[in-house]
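Commentary on secondary and tertiary structure
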Amino acid sequence: MIIKNGYVFIGERFTNKDLRICDGLVKEICEAGTIKPNDGEEIIDAKDKYVLPGLVEIHSHGRVGHDFNFANENEIEEMCISYAKCGVTSILGTTMTNAPDKIESAMKTIGKYRKEKHPGAKLIGINMEGPFLGHDKKGAHDERYLRPTDIAWFKEMQDLSCGSIKLVSIDPRYEQTEDFIKYCLANNVRVSLAHTGCDYETADKAAKAGADHVTHLFNAMQPLLHRAPGLVGCAFDNNMFSEIICDGIH
């Protein structure tokens with residue numbers, strides 16, 4: 001396959017180039033309009049477009065009018081097709097705090113969906129945002145259903161989803177935090193700190209236990225202050241993977 005006339009990121013800027021792709025790898029990069037196609041090669045004209053690796057969306061609750069909390073399999077497929085049209089090739093379907101039966105239903109549906117072949121972006125798992133979050137920084141989460149970290153119940157959700165949960169957000173102030181983090185890491189689940197008014201010391205303790213992610217940095221947490229660096233300062237000191245909501249408002 002040849003992708004011609006596209007903007008390709010080389011060095012520190014996008015440059016107009018032609019690419020030759022063989023066996024899924026970029027084999028040749030030439031100046032735009034100069035590459036010579038071989039017999040039978042597919043040619044895609046990417047004029048005025050950017051040629052990028054497929055994007056991986058790790059935190060999205062839904063799109064095209066659907067929500068991973070409530071979507072059926074057909075609606076999940078509609079979402080995945082829509083994500084792919086935006087360049088997203090892999091996604092963690094993100095759930096929110098909700099009534100236990102609603103969460104259970106979402107886990108079952110997503111787990112079943114992932115067992116089958118579908119068009120569009122690949123649903124690589126679940127980002128479970130809630131219900132293990134703090135009441136004081138709940139944001140849009142329904143306070144009625146917030147609860148402390150619970151290994152037994154989390155395992156039930158993981159079983160219902162056929163092992164689909166890959167990332168889970170928690171408030172590190174709950175008593176079982178370290179045990180919960182260790183359980184998650186032992187079962188290939190990453191832990192994110194989120195929706196918490198915790199101080200630096202509490203966040204640092206969770207980071208040292210293995211939490212390596214922060215959900216929407218600066219949002220639903222204490223601000224960075226010179227004598228109280230909080231979770232923001234902890235994320236910097238521990239080189240934690242930090243999400244940013246890039247909408248110009250958050």
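The coordinates are above.
Structural notes, computed from the coordinates. (Residues numbered from 1 in each chain as written. Predicted model: local features only at pLDDT ≥ 70, side-chain atom pairs only at ≥ 80, totals over all residues. Heavy atoms only, no water.)

Examining the environment of Arg144
How we decide: Secondary structure is summarised from DSSP: a helix means a run of H or I of at least four residues, a strand means a run of E of at least two, and numbering begins at the N terminus for each. Counted as a polar contact is a pair of N or O atoms within 3.5 Å, where, for protein atoms, one must be capable of donating a hydrogen and the other of accepting one, and residues adjacent in sequence contribute only when both atoms are in side chains.
Relative to the helices and strands, Arg144 resides in the loop between β8 (122-129) and α3 (151-160). Note: C-alpha distance between Arg144 and Ile245 (101 residues apart in sequence) is 26 Å. Polar side-chain contacts of Arg144 include one of 2.7 Å to the side chain of Asp142.

Concerning the environment of Pro172
The following threshold applies: Residue exposure (1.4 Å probe, protein chains only): buried if accessible area is under 20% of the type maximum, exposed if over 50%, otherwise partly exposed. Contact definition: two residues touch when any of their heavy atoms are within 4.5 Å.
Residue position: Pro172 is located in the loop between β9 (165-170) and α4 (177-186). Here Pro172 falls in the buried class, since its relative accessible area comes to 6%. Along the primary structure Pro172 and Lys205 are separated by 33 residues, whereas in three dimensions their C-alpha atoms are 8.5 Å apart. Not counting the four nearest positions on each side in its chain, Pro172 is found in contact with Thr177, Leu193, Thr196, Cys198, Thr202 and Ala206.

Re the sheet that holds strand β12 (residues 241-242)
The pairing of strands in a sheet happens through backbone hydrogen bonds and is either parallel or antiparallel. Stated precisely, the cut-off is as follows: A pair of strands is treated as paired once DSSP finds two or more bridges between them. Comment: axis = line fitted to C-alpha atoms, over the contacting stretch for helices; angle = value between 0 and 180 degrees taken between N-to-C directions.
Strand order in the open sheet formed by seven strands is β6-β7-β8-β9-β10-β11-β12, with parallel pairing between adjacent strands. Two strands close off the open sheet at either side, each with one partner strand: β6 (55-60) and β12. As paired strands, β8 and β9 are joined by four bridges and run parallel to one another. Following the sheet pairing, Glu129 is matched in β9 by Ser169. Seen against the sheet, α3 touches β8 and β9 and runs at an angle of roughly 150° to β9. Of the strands in this sheet, β9 and β10 (190-193) touch α4, which is tilted by about 165° from β9.

Thoughts on helix α6 (residues 230-237)
Of all eight residues in α6, six are buried; the element is thus mostly enclosed. All buried positions along α6 are accounted for by Gly230, Leu231, Val232, Gly233, Cys234 and Ala235. Phi turns positive one or two residues past the end of α6, at Asn239, with a value near 55°.

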